[in-house]
Amino acid sequence: MREYLNLLIKKPIWLAVAFVFLVMAVILIKPIIIIMVAAGIGIVPWFVISKRISFGNYLMWSLGVAVFVFYFFTAITSRPIGFSRISTQNPGDNYNLLVDGFMAGKLSLVAQPVESLTKLANPYKPDLRDDSTYLWDVSYYNGKYYMYFGATPVVTLMLPFKFLTGRYLPETFGVLFFTYIGFVFSYLLFSLLLSRFFPGASLLYKAVGLVSLAMGPFLPYVLRRPAYYELAIVSGYCFSMMGLYFLFSSRFKDGRKLAKMFIASLCIGLAVGGRPTQIFCIFFLIERYLHEIGFRFNNIKHKLNELLALVLPVCACIFFIGLYNYLRFDSWGQPGFHYQLNGNFKITLGFSHPLVVLACFLSFIFNPPELTTVFPYFSLRFGFPYFSVAGPPREPVVGLIFCMPIVMVLACLWQFRKSLDFELKRFVFVCLLVGFSIVLLVSTVGPSVRYQVDFSAYFIIPALLLLTKQLSDVHDQIRKRVLSAAIVMTTFYIVLLSMLTSFTGYYDGLRAFHPAVYEALKKII
């Protein structure tokens with residue numbers, strides 16, 4: 001069987017893949033031609049190294065290329081893309097307005113508020129504003145527009161791109177970049193932990209892990225509307241996954257320990273700069289240092305270099321975030337939330353009311369998708385019915401246990417209390433602490449599927465590791481095969497749900513901007 005599979009991964013299989021993409025290009029016309037080129041770029045290296053790597057590695061890299069192709073397709077078919085801004089009042093290009101502001105030596109956006117807005121006694125009251133005369137969902141303070149979203153995407157990607165090319169990087173490609181890099185590092189982290197705690201794990205576990213991390217956090221759904229909201233979220237996701245990979249690499253891989261700790265701390269600081277919810281990743285830094293000193297505080301003086309490597313970068317980032325806030329809003333801890341210009345949704349109880357927070361929390365964990373008979377067959381509900389009473393803004397959301405059913409294995413954590421490696425126990429505990437803390441925090445601002453990118457990985461990775469442990473403890477071959485088949489079917493469901501819901505996303509962008517592609521997919525699927 002292995003000889004047959006090895007035969008399939010020779011060059012002829014890639015000719016078949018190229019033929020499939022050619023057929024898709026003929027059927028779906030323009031957008032897929034670009035995808036075919038991207039796929040070709042991803043596939044060409046495998047012609048060169050196909051004889052130098054094992055079947056397992058070849059399969060994993062091929063899956064990684066397939067994920068990139070799907071991400072790329074989703075992003076570029078979401079909305080029109082251009083490398084130059086049309087107007088300083090373009091509401092869909094706020095991060096590039098901030099790029100212009102930074103290049104002009106300002107912290108504000110280059111767009112100027114209209115005179116009627118500056119003369120209002122209270123511009124934050126929707127009843128007094130003309131909704132057509134201001135930038136949507138930005139902060140307004142002292143006569144200037146500011147972004148209340150984190151500046152990390154600008155500092156690390158969009159501003160360097162503008163300096164190097166003289167062009168503006170579309171937010172679409174920014175979201176795609178951070179999404180894919182974040183996914184890659186989340187898989188590298190999982191693979192590192194898998195090889196550390198389960199060195200004999202089969203190819204099945206690795207493949208399930210890769211697909212689950214690619215589709216489970218609903219990243220394709222986020223890519224369907226790659227705007228500045230999503231850009232801030234995925235930048236935090238990307239740098240948090242990078243930070244955790246380097247952090248655990250400093251523990252489980254030899255060499256350059258201090259450098260890896262420094263990079264991990266810097267990445268977590270940048271994650272906070274993009275998405276403040278990632279502040280809870282500091283718990284991982286604390287756990288890492290406690291492990292370094294053997295949980296004996298009298299050893300701190302012998303481990304000062306490690307302490308500085310873990311503390312200085314993230315503290316420097318937090319300091320500059322606070323300074324950035326102070327220079328804009330005269331407050332170290334105010335990023336601009338209190339000065340937003342948006343719909344100011346009227347709600348009965350308020351976002352911070354315990355019942356509203358509880359309803360949001362339950363939506364993030366238990367809200368089921370809706371199965372329909374109309375393409376794409378799955379749709380997302382708008383939170384628990386309680387919202388019809390409480391009245392927060394209603395956005396689509398799907399519960400974690402429905403979009404990623406394997407996380408239910410975390411409910412069996414008590415079962416592994418004696419057999420689980422102590423280091424793995426600590427990792428699972430910190431992941432759950434960080435994950436639930438983020439869920440609770442985002443529950444105070446209302447439910448939305450895009451917020452799941454903030455916390456999903458902290459549940460998915462430990463769940464995958466526990467699932468591996470559970471299967472490795474099964475010695476009956478028949479039972480093991482049944483459980484393996486169940487895992488494969490569950491993974492297929494995860495892919496199907498994430499892929500089909502991404503065809504519509506928030507505002508049905510694929511059908512709106514590329515109706516021919518949408519109709520072709522409808523006929524194929």
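Preceding this paragraph is the structure being described.
Please read all numbers here as calculations on a predicted model, not as lab measurements.

Observations concerning the overall build of the protein
Then comes step 1: Within the protein, the secondary structure is distributed over 23 helices and five strands.
Then comes step 2: With 525 residues in all, the protein has 53% of them scored as buried.
Then comes step 3: Of the accessible surface of the protein, which amounts to about 24000 Å², a share of 67% is contributed by carbon and sulfur atoms.

Points about the pairing of strand E1 (residues 138–141)
The side chains of a regular strand alternate, first on one face of the sheet and then on the other.
Then comes step 1: Judged by which residues are buried, E1 turns out to be covered on both faces: Val138 and Tyr140 on one side and Ser139 and Tyr141 on the other are all buried.
Then comes step 2: Where E1 meets strand E3 (residues 340–341), two bridges bridge the pair, whose relative direction is antiparallel. Within the sheet, the bridge partner assigned to Val138 lies in E3 and is Leu341.
Then comes step 3: The pairing of E1 with strand E2 (residues 144–146) spans three bridges and is classified as antiparallel. When the bridges of E2 are listed, Tyr140 appears paired with Tyr145.
Then comes step 4: Count of turn residues in the E1/E2 antiparallel hairpin: two residues, of which Asn142 carries a positive phi of about 55 degrees.

A closer look at unusual backbone geometry
Then comes step 1: Backbone torsion omega between Phe375 and Pro376 reads 10 degrees, so that peptide bond is classified as cis.
Then comes step 2: Along the chain, the position of Pro376 falls in the loop between strand E4 (370–371) and strand E5 (378–379).
Then comes step 3: At Tyr377, a position not held by glycine, the phi torsion is positive, near 75 degrees.

Remarks on empty space enclosed by the protein
Then comes step 1: Per the stated rule, a full pass over the model turns up two cavities of 30 Å³ or more.
Then comes step 2: Lining the largest cavity, in full, are Leu204, Tyr205, Val208, Leu464, Leu467, Thr468 and Ile487.
Then comes step 3: Of all the elements in the fold, those that place two or more residues in the lining of the largest cavity are helix H9 (203–215) and helix H20 (457–472).
Then comes step 4: Residue lining of the second largest cavity: Leu189, Met241, Leu244, Phe284, Phe427, Cys431, Ala457, Tyr458 and Ile461, and that is the complete set.
Then comes step 5: Here the lining of the second largest cavity takes three residues from H20, the largest share from any one element.
Then comes step 6: Grouping the constituent residues of the lining of the second largest cavity by class yields nine nonpolar, no polar and no charged.

Comments concerning the packing of H9 against H20
Then comes step 1: One can describe the packing of H9 onto H20 by two numbers: an axis separation of 11 Å at closest approach and a directional angle of 160 degrees. Considered as vectors, H9 and H20 are oriented roughly antiparallel to each other. H9 and H20 meet at a crossing whose hand is right-handed. When H9 is examined against H20, the residues Tyr205, Val208, Gly209, Ser212 and Leu213 are found in contact with a partner set consisting of Ile460, Ile461, Leu464, Thr468, Leu471 and Ser472.
Then comes step 2: Classifying every residue of the contact of H9 with H20 gives seven nonpolar, four polar and no charged.

A few points about the packing of H20 against helix H21 (residues 477–502)
Then comes step 1: Put simply, H20 and H21 touch, their axes get as near as 10 Å, and they point 160 degrees apart. Of the possible angle classes, the one that applies to H20 and H21 is roughly antiparallel. Touching Leu467, Leu471 and Ser472 of H20 are Lys480, Leu483 and Ile487, all from H21.
Then comes step 2: The class makeup of the residues in the contact of H20 with H21 is four nonpolar, one polar and one charged.

Section: the sheet that holds E3
Then comes step 1: Reading across the sheet, the three strands line up as E2-E1-E3 and stay open at both edges, with antiparallel pairing between neighbours. The sheet is open, and its two edges are formed by E2 and E3, each paired on a single side.

Focus on the pattern of salt bridges
Then comes step 1: Using the criterion set out here, one finds 14 salt bridges in the structure.
Then comes step 2: Linking Lys303 and Glu292 is a salt bridge whose minimum nitrogen-to-oxygen distance equals 3.4 Å. Placement of Lys303 in the loop between helix H13 (282–292) and helix H14 (304–329) and of Glu292 in helix H13 is noted, with a sequence separation of eleven residues between them.
Then comes step 3: With its nearest N and O atoms 2.9 Å apart, the salt bridge here joins Glu395 to Arg450. In this pair, Glu395 sits in the loop between helix H16 (387–390) and helix H17 (400–403) while Arg450 sits in the loop between helix H18 (422–442) and helix H19 (452–455), placing the two residues 55 residues apart along the sequence.
Then comes step 4: Each of the salt bridges in this network shares a partner with another, and the network as a whole consists of Arg196, Arg251, Glu287, Glu423 and Arg426.

So, how was this worked out
Residues numbered from 1 in each chain as written. Predicted model: local features only at pLDDT ≥ 70, side-chain atom pairs only at ≥ 80, totals over all residues. Heavy atoms only, no water. Helix = DSSP H or I, 4+ residues; strand = E, 2+ residues; numbered from the N terminus. Buried < 20%, exposed > 50% of the residue type's maximum accessible area, 1.4 Å probe, protein only. Areas by Shrake-Rupley, 256 points an atom, 1.4 Å probe, with all protein chains shown as cover. Pairing = 2+ DSSP bridges. 1 Å grid on protein atoms, 1.4 Å probe; cavity = no way out; pocket = protein on both sides within 12 Å on 5 of 7 lines; lining within 4 Å. Points joined across faces, edges and corners; volume = space filled by probe spheres on them. Nonpolar A, V, L, I, M, F, W, Y, C, P; charged D, E, K, R; others polar. Axes fitted to C-alpha atoms, helices over the stretch in contact; angles between N-to-C directions. Parallel < 35°, antiparallel > 145°, perpendicular 65-115°, else oblique. Left-handed = near helix turned anticlockwise from the far one by under 90°. Contact = heavy atoms within 4.5 Å. Salt bridge = Lys/Arg side-chain N within 4 Å of Asp/Glu carboxyl O.

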